[in-house]
Amino acid sequence: MASGGYAAVPSDDVSPQTSSQALLSREARLHGGTLVIHSDGHSYTYSYGPKGLTGLLHNYYALGCAVFVSIGGLLFGYDQGVIANVLVMKDFTQRWLIGAWEKGIMTAVLELGALIGALAAGVLADRVSRRVSIIIACVVFCIGSAFQCGAGSLAHLIVGRAIGGLGVGALSMLAPLYMAEISPPEVRGSLMALEQFSIVLGAVLGFWTGFFTRNIPGASSWRVPLGIQLGPGILLGLGCLFLPPSPRLLVMHERTEDALRALARLRLRTPAEIPADPLLKVELLEMQVEAQLVAQTIELNDSGKAGTLHAEARTWARLFGRKYRRRTFIGIMIMFFQQWSGINALLYYGPTLMRELGLQGESVTLTVSGGIGIVQFLAVLPAIVFIDRIGRKPLLRGGSAVMAFSHFCIATLVWLYEGDWQSHWLAAWISVGCVYIFTAAYGVSYGPIGWVLPSEVFPLSVRSKGVSLSTASNWFNNFLIGLITPGLMESSPSGTFLVFSAACFAGYLWSTYIVPETANVSLEEIDAVFGSSAGQEDVALKAQIERDLGLHEFIGEWASSENVRRTCYAEPGTS
Ligand SMILES: O[C@H]1[C@H](O)[C@@H](O)[C@H](O)[C@@H](O)[C@H]1O
C-alpha cells in the first residue's frame, strides 16, 4: 500500500466530464481526506495528507530538498547578522579608518548588488535551470566572500560586498522559486517558510559569531566570521548537483518523461509505481495544460521569437499587462510592506535605538538587539506549523495589526519620555517589550509570508520573472530603509516609529482587502483564485488543451471505473 499527498472528493462529485480540478476538489484539500484506489490487484491510499509538521515529515524527500536549498537564505541572514558586528570591530574600523559614510556604503553596496542579482537570476532561471542557476549564484557568492575575507584594502571589501551581493540576491529568489515548484500543495507554505527560517537562523548565527570573535586580537576578529560563510556557500553549490530538477520547468521545456520521473521521485514513488499511480499522471497533465495554455496565449499575443531580447522584454512587460498586473503588484507590495514594517531599521540600527531608549553599555545594547534576531527565529517556528492550516491572509492581518499597535505605543512613549528615560525606566522597558512584540508579530506574518506568497501567485510562464521582481522589491525597499532611517531617527525618533506604524496599518488594509488566500491551492489552480485569469477565451482554450492532452479522457476513465467509484470517499476533518 502506498500513500501520497492528494485529495479525494466524495464519489458523487466524480463525474466523467469533470476536470481534475473538480476531482481533486479544493474542499477536500482543505479538510483532508483519503482516496483508495484498487489497481492491478494493489490497493493505493492517497491522503491529501496532514499539514504542518506531520505533513512535512510525510513529504520527507521534498522537505530535505527544501531544507538544503534554504542554505541560500542562511547565507543571506548570516551576512546581515555578521556585518552588524564587523562594522563596529576595533581592528576593522581602525585599519581603514571606516567612518559612518564607509559603513553606509558597505551595507548599501551589498543590497544594490543583491537587487541586480535577483533580477538577473529571473532571466537565468528559465534559460538554464533552477539548479544550475543556484550553482552559478553560489560561485559568485563565494568569490565575493573570498574578497571580503582576504581584503587588503577598503576597495577589496567594497568590491567583495558588491559581488557577494549579486550571489545573495540571486539565491534569495532562486531558493523560494525552486521550493515552490517541488512542494505538494498541502505543505507548500510550511516548506517555503523554511526560507525565512534559514534567513533568521543565519542572522542569529552571524550575529553571535561576530559577537564572540570581536575580541580576538587583530584582523582575525573580522576575517574569521567573514570567511566562515564560504563553507555553506560551497556546500550548497556542490549539493545542488544531486537535487531533483523542478518538474514544472521540465514540463515548460517539453521534457515530459523527465518531468514525470522527477515528480515521482518527489512524491516518493519508485519508477515501477509510476504507471499504477493515476494521480501522478493527473498532476503532470495539469502542469502540461498550464504550460501549453501559456505558450499558446503568448503565441497569440506576441510576435517576438522565444529566446531573443525582444521576447525577454515582452515577458517582463507581460507582468504589467492586464492579465498579471494584480499578481505582480501583490508580489511587489508584500515585500514593500515587509520592509516598511521597520524590521531592518531595528536590525541595522538596533544598538543606536536601544541607546535612545536609555539602555547603556555596548554589551547590553548588542545583546538586546541580538535578542531581536532570536525572537524572529522563535516566531517563525509556529508560522511553519500553522501557515497552511490558518492560511496566509489571517496571519498577515493579525501580524500587521499587532505590529502597527506596537510601533504606535513605542512612538507615544518615545515622544513622552525621550531625553528623560532615567526617571521613567518602566516606560523604557515597556518600549523594549513592544519592540519584541513587534518582532514576534512580524516573525509569524510578513517575515515568512513575504517569501511564500510571490512564488505562489504567478503562473509558470512568468513565475521566475515575477518572483525576481518581488525579490528585487525586497532589496530595493531594504536599501531605502537603510538610507533614510538614520536621518529620520535623528530628526524625530518618535516620528520614525509613527511612519512604521502607519506602514503596518496600510499593510493591514492591504492584506484584508487585496490579498487572496493561496493556502491549499495547487499552483495550477491559483488562476482561479484570481478569478480574472482572463475572460472566456482563456477558459475555452484551457478546456480545449485539456481535451487535446487527454486530461478529460483520462479523468473520465478513471472516475467512471467501477473500482474507483466504489472506493472513493472523503473524510472531512481527518487532516
Ligand atoms: O525576511 C527577512 C528577514 O525578516 C530578515 O530579518 C530581514 O532582514 C530581511 O530583510 C527580510 O527579508
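Keep in mind that this is a model prediction, so the values were computed, not measured. (Residues numbered from 1 in each chain as written. Predicted model: local features only at pLDDT ≥ 70, side-chain atom pairs only at ≥ 80, totals over all residues.)

**Thoughts on the overall build of the chain**
- Scanning the chain from terminus to terminus reveals 28 helices and three strands.
- Of all 575 residues assigned to the chain, the portion counted as buried reaches 55%.
- Long-range contacts, defined here as pairs at least 24 residues apart, represent 81% of the contacts in the chain between residues at least 6 apart. (Helix = DSSP H or I, 4+ residues; strand = E, 2+ residues; numbered from the N terminus. Buried ≥ 20, exposed ≤ 12 C-beta atoms within 10 Å, placed from the backbone. Contact = placed C-beta atoms within 7 Å.)

**A few points about the site of the ligand**
- Near the ligand lie 14 residues; those nearest to it are Gln196, Ile199, Asn344, Gly447 and Asn478.
- Where the shell around the ligand is concerned, the elements lending two or more residues are α10 (188-213), α18 (343-356), α22 (446-457) and α23 (460-491).
- Among the elements that line the shell around the ligand, the one with the most residues is α10, at four residues.
- Each residue belonging to the shell around the ligand can be placed in one class, and the counts come to five nonpolar, nine polar and no charged.
- When we break the shell around the ligand down by domain, the ones giving at least three residues each are domain 2 (52-269) and domain 3 (315-519). (Near = placed C-beta within 6 Å. Nonpolar A, V, L, I, M, F, W, Y, C, P; charged D, E, K, R; others polar. Domains from an automatic or database assignment.)

**Looking at the domain arrangement of the chain**
- Split by domain assignment, the chain resolves into domain 1 (1-51 + 524-575), domain 2 (52-269) and domain 3 (315-519).
- Taken together, the contact between domain 1 and domain 3 spans seven residues of the former and 10 residues of the latter.
- Residues of the side of domain 1 that touches domain 3, tallied by class, amount to four nonpolar, one polar and two charged.

**Brief notes about the nonpolar core**
- Core analysis: the largest hydrophobic core is formed by 154 residues, its most contacted members being Ala121, Ala137, Ala170, Leu171, Leu174, Met179 and Ala193.
- Residue-level mapping places this core at the junction of two domains, with at least three residues from each of domain 2 (52-269) and domain 3 (315-519).
- Beyond its immediate sequence surroundings of up to four residues, Ala193 is in contact with Val380, Ala383, Ile384, Ile387, Pro448 and Val452. (Core = buried A, V, L, I, M, F, W, Y, C linked by C-beta atoms within 7 Å.)

**Description of the packing of helix α9 (residues 154-182) against α22**
- The contact between α9 and α22 brings their axes to 9 Å, and the two run at 60°. Taken together, the axes of α9 and α22 are oblique relative to one another. The hand of the α9/α22 crossing is right-handed. Here α9 contributes Pro176, Leu177 and Ala180 to the contact with α22, which in turn contributes Trp451, Ser455 and Glu456.
- Taken together, the residues of the contact of α9 with α22 break down into four nonpolar, one polar and one charged. (Axes fitted to C-alpha atoms, helices over the stretch in contact; angles between N-to-C directions. Parallel < 35°, antiparallel > 145°, perpendicular 65-115°, else oblique. Left-handed = near helix turned anticlockwise from the far one by under 90°.)

**So, unusual backbone geometry**
- One non-glycine residue, Glu254, lies in the positive phi region at around 60°.
- Classification of Glu254 by C-beta neighbours within 10 Å gives exposed; the count is 12.
- In the Ramachandran plot, Leu268 falls in the positive-phi region, its phi being about 60° despite a non-glycine side chain.
- Along the chain, Leu268 falls in the loop between α14 (256-266) and α15 (278-301).
- The exposure class assigned to Leu268 is partly exposed, which follows from the 16 C-beta atoms found within 10 Å.

**Section: the packing of helix α7 (residues 100-127) against α23**
- Where α7 contacts α23, the axes come no closer than 8 Å and their chain directions differ by 175°. Compared by their axis directions, α7 and α23 come out roughly antiparallel. Of α23, the residues touching α7 (which contributes Thr107, Ala108, Glu111, Leu112, Ala114, Leu115, Ala118, Leu119, Ala121, Gly122, Ala125 and Asp126) are Ser464, Lys465, Val467, Ser468, Thr471, Ala472, Trp475, Phe476, Asn478, Phe479 and Gly482.

**Looking at the confidence of the model for the chain**
- Considering every residue of the chain, the mean pLDDT works out to 81; 81% of them sit at 70 or more.
- Across the interfaces of the predicted complex, the ipTM metric reaches 0.98, alongside a pTM of 0.83. (pLDDT = per-residue confidence, 0-100.)

**Some words on the environment of Val204**
- On the secondary structure map, Val204 appears in helix α10.
- When the C-alpha atoms of Val204 and Val375 are compared, they prove to be 9.7 Å apart, with 171 residues separating the residues in sequence.
- With residues near it in sequence (within four places) discarded, Val204 still touches Gly81, Gly373, Ile374 and Phe377.

**Some details on α7**
- When the terminal C-alpha atoms of α7 are compared, their 41 Å separation across 28 residues agrees well with the 40 Å that a helix rising 1.5 Å per residue should span.
- Residue Ala121 marks the point of greatest curvature in α7, where the axis turns by about 25°. (Expected span 1.5 Å × (residues − 1). Bend = angle between axes of the 7 residues up to and from the residue.)

**Focus on α9**
- If you check α9, its first and last C-alpha atoms are 42 Å apart, about what 29 residues at 1.5 Å a residue would give, namely 42 Å.
- Burial analysis of α9 places 24 of its 29 residues in the buried class, which makes it a mostly covered element.

**Describing the environment of Ala428**
- In this fold, Ala428 is placed in helix α21 (residues 425-444).
- For the pair Ala428 and Leu201, spaced 227 residues apart in the sequence, the C-alpha separation amounts to 28 Å.

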